[in-house]
Amino acid sequence: MKRLVIGILAHVDAGKTTLSEGMLYLSGSIRKLGRVDKKDAFLDTYGQERERGITIFSKQALLSVKETQITLLDTPGHIDFSTEMERTLQILDYGILVISGRDGVQGHTLTLWRLLKHYGIPVFLFINKMDQPDTEKEKILSELKSLLDENCVDFNDQGSEAFYESLAVSGEEALNEFLETGKINRDNIRKLIGERKVFPCFFGSALKLTGVEELLSGLDFYTMQKNYPDEFGARVYKITRDREGSRLTHIKITGGTLKAKELLRGKEENWGEKVNQIRIYSGDKFELAGEAVAGEVCAVTGLTRTFAGEGLGYERKAVYPELSPVICYALLLPEGCDAAFMYSKLKQLEEEEPQLHLIWDEQNREIKIQIMGQVQIEVYRRLIQERFGVDVDFGVGSIVYKETIGNTVEGVGHFEPLRHYAEVHLLLEPGEQGSGLEISADCSEEILAKNWQRLVLAHLEERDHKGVLMGAPITDMKITLKAGRAHQKHTEGGDFRQAVYRALRQGLMQAENILLEPYYEFVLEVPESAVGRAMTDLDKMHGSFTLQNTGSGQAVLKGMAPMAVLLDYQKEVTAYTKGTGHLYCSMKGYYPCHNTQEVLEKNAYNPAEDVENPADSVFCAHGAGYIVGWDKVAEFMHVESCLKDNFSANDVNGTTPQKRMDVKKTDAGMSQWMGQEEADDIIKRTFYANRKEIKSGINIGWKKRYKSNKVDEHGEDRIRDYHPSVKKEKYLLVDGYNIIFAWEELKELAKSSMDGARGKLMDILCNYQAIKKMNLIVVFDAYRLEGHPTEISDYHNIHVVFTKEAETADQYIEKFAHENSRRYEVTVATSDGLEQIIITGEGCQLISAREFQEEIQRASGQIMEIFRSTNRKENNSLSFSLSPESMEEIDAFHEAYQRSQNR
């Protein structure tokens, strides 16, 4: 028996679910014909679907037509749930596009047509509601040919000469056959349909079951089953949970067979888990199966790490949706509800609903949700209440922007703190509009081993990368790994992650960055008397459009415009047309923003302050790591530039690239030789890296007047004024456990009593604070304690912090440094190498555990010297307390005693 997976797609209210009911009823799969308006449709199994009369989640049903077994997938038609629809496309053999005969091709219909073309899915068209007045087959067919494809053919007229003539123009082979025989055989018609050269059109009324039988016969007669390989393969298209809470992975078998209790392995995350059950669903009911064969769609239990779009078996590459959410909302939680706890719960919902994009805003400690539109808000508000028992609300929506580049640049990232090493060179090129990110490698294995190349590509794909204009995700770019270097002894996997992120960021900092915003494709129908107003409005909205046609007193304008200005325009259309105007919108894609400067000023994003996405690199010299700014990396990089003209960051401003430092590396962090100027430069960067001020109170290198060796455009020396730094309030942050295990005395004490070691350290710090008079904060880890909140208390004259669950002392200190380094003079006492690098990048001062111990001893010694100098020894002697007469008597006695001893 032939097995097919067929999806039904349509613009909302085109009659898609009604057609599904008719197909199931006529094929004998259901005994009663349900209706959407009566809330008893077989595939509307979710309460909100029956209440609203729309499909929210894709559903599966089984039906048989003669020798064809069809798995029918009913998908959402509302534009807000487009991503739910799109994820089913990746497993379809054929698609049925339902179009309302009354409304014709609408905005969302064009989006569906584009997606079907993108996924290469053969399409049958069913023009529904042909029983309604003012529906003309010839007029609609002409519209389909002009707006969709000229090879849309009326299959209600099969066997006629006009039918074969319409098929003949679709290809040279078909034309030759028609000229020779006057007909085209069934196999060739199947081939034309399968190659998307012909699109069968059936006309009827799903509600009255007219034309549905012909559609079913056409699906049986004009389709072919795919040839599947013997090797096992499957594509995950959806994750759900059943009524008992069991996690279900919905897959289509694309090769071989899958048996219950079989072990499956994931390619992306290298996991292995056993399949417990194989379920074949039809509506909300299922049957258990011992195995699933190629071409079948099933749901399996037992898999906990799968995700929508993942490939299993030979299906190695994951598939991600073309459509993405375009509006971002802050999730407003009720008082007393912990945002971090709620975020972990909502992550379960996100894996089931890919269109629900969750973002955790660490700075404001709030949850942000990216969705497609207003209808989703109402659906998810109720879904969250049903699933988790929490009443949430949504804040004011904002547009989801993206970023791309307009020129080709090379990004270089180097990560080399002590005993670590990695360097990566990426070529960033502008991509086609709507192409997303294209990531590849063009690097010889002699330069960088294959395993490191795979790791670099994995790090590029593992997360969304932020742009430098406003921190929006980047898109429409080609990112190519061109070169890199690893060290045989010191390189670890995490080193390349740091190098990759920095290389990408460094390239973006050099590039011509372009802000993108979502655009709608629209169809605006207004009375001819309102055309002038409509065209003026669209022109003000920065839209591009054409006056498509006029007639019957109505005008139709089609074009595209920024989504931001079209969101509420339907209300205006209704007002100035007195209810006779209609606006149909569908997602067109991302295009250059129409008001970039306004958006950037409102956002006020500074890429240099984004510590989670650094563009600077880390180099090493004399056993210590130091930061090199993104615009200077080309001078220090160890691998030659991949661009022919040796382009570097300095070329952006039109200056000549400086020759990079000529140092021959023989080991990570060790140099064979270097010139005097290079040595002086490194000493200046490393020795003084952690010192903000010198004893004079003026920043290093800062003088009252400083004559630069650079000249302006007139050839004159530039004079730059520098002033003494303003004295700031001082803060000392101490990494508690790092210090305890670095000081031998406290380390020994900790072996027997950690509380005792903590107490002794705090007592030492209290004495030190009393001497130095700064704000002193000691931070201890408590991240392994489940449910532990951040605990801050005072111990005599110092502040003590125990971090919350899942937060280390390092993270707390880095966050404090990021938020306060510009207002206060912050010093951090720690010997954690990576933390030192991050803190240095924030402009804070550092002191190692050993130096801190010496500083405390020195401060204690100084205070004792001061005490001794103000309380001299003679002041405490007996002679200082006695009267002169008594002293004379004592002296006389002493002399007499001495004479007696000399005799």
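Residues numbered from 1 in each chain as written. Predicted model: local features only at pLDDT ≥ 70, side-chain atom pairs only at ≥ 80, totals over all residues. Heavy atoms only, no water.

### Some points on the overall build of the protein
Note the cut-off: A run of DSSP states H or I qualifies as a helix once it reaches four residues; a run of E qualifies as a strand once it reaches two. Both are numbered from the N-terminal end. Think of it in three bands: residues with accessible area under 20% of the maximum for their type are buried, residues over 50% are exposed, and the middle band is partly exposed, with areas taken using a 1.4 Å probe on protein chains only. Two residues form a contact once any of their heavy atoms are found within 4.5 Å. Each accessible area is a Shrake-Rupley result for a 1.4 Å probe, and residues are judged covered by the shown protein chains and nothing else.
Scanning the protein from terminus to terminus reveals 27 helices and 43 strands. Looking at the protein as a whole, 47% of its 903 residues qualify as buried. Considering only contacts in the protein between residues 6 or more positions apart, those separated by 24 or more positions represent 68%. When the accessible surface of the protein is split by element, carbon and sulfur atoms take 48% of a total near 45,200 Å².

### Section: the sheet that holds strand β38 (residues 730-735)
Under the convention used in this document: One requirement defines pairing of two strands: DSSP has to find at least two bridges between them. Only the stretch in contact is used when a helix axis is fitted, and all axes are lines through C-alpha atoms; the angle between N-to-C directions ranges over 0 to 180 degrees.
Strand order across the open sheet formed by six strands is β40-β41-β39-β38-β42-β43, with mixed pairing between neighbours. Unpaired on one side and paired on the other, β40 (791-795) and β43 (845-847) mark the two borders of the sheet. Ignoring which end each strand starts from, the neighbouring axes of this sheet average 25 degrees apart. Bridge count for strand β42 (residues 825-829) against β43 is three bridges, and the pairing is parallel. Directly across from Thr 827, in β43, lies its bridge partner Gln 845. With respect to the sheet, helix α24 (residues 833-841) is in contact with β38, β42 and β43, its orientation differing from that of β43 by roughly 155 degrees.

### Comments concerning the sheet that holds strand β6 (residues 152-154)
Reading across from one edge, β2-β3-β1-β4-β5-β7-β6 is the order of the seven strands in this open sheet, with mixed pairing throughout. Each edge of the sheet is formed by a strand with only one pairing partner; in this case those strands are β2 (59-65) and β6. The sheet shows a mean angle of 30 degrees between the axes of neighbouring strands, taken without regard to direction. One ladder, built from three bridges, connects β6 with strand β7 (residues 199-203); its direction is parallel. What sits directly across from Val 153, in β7, is Pro 200.

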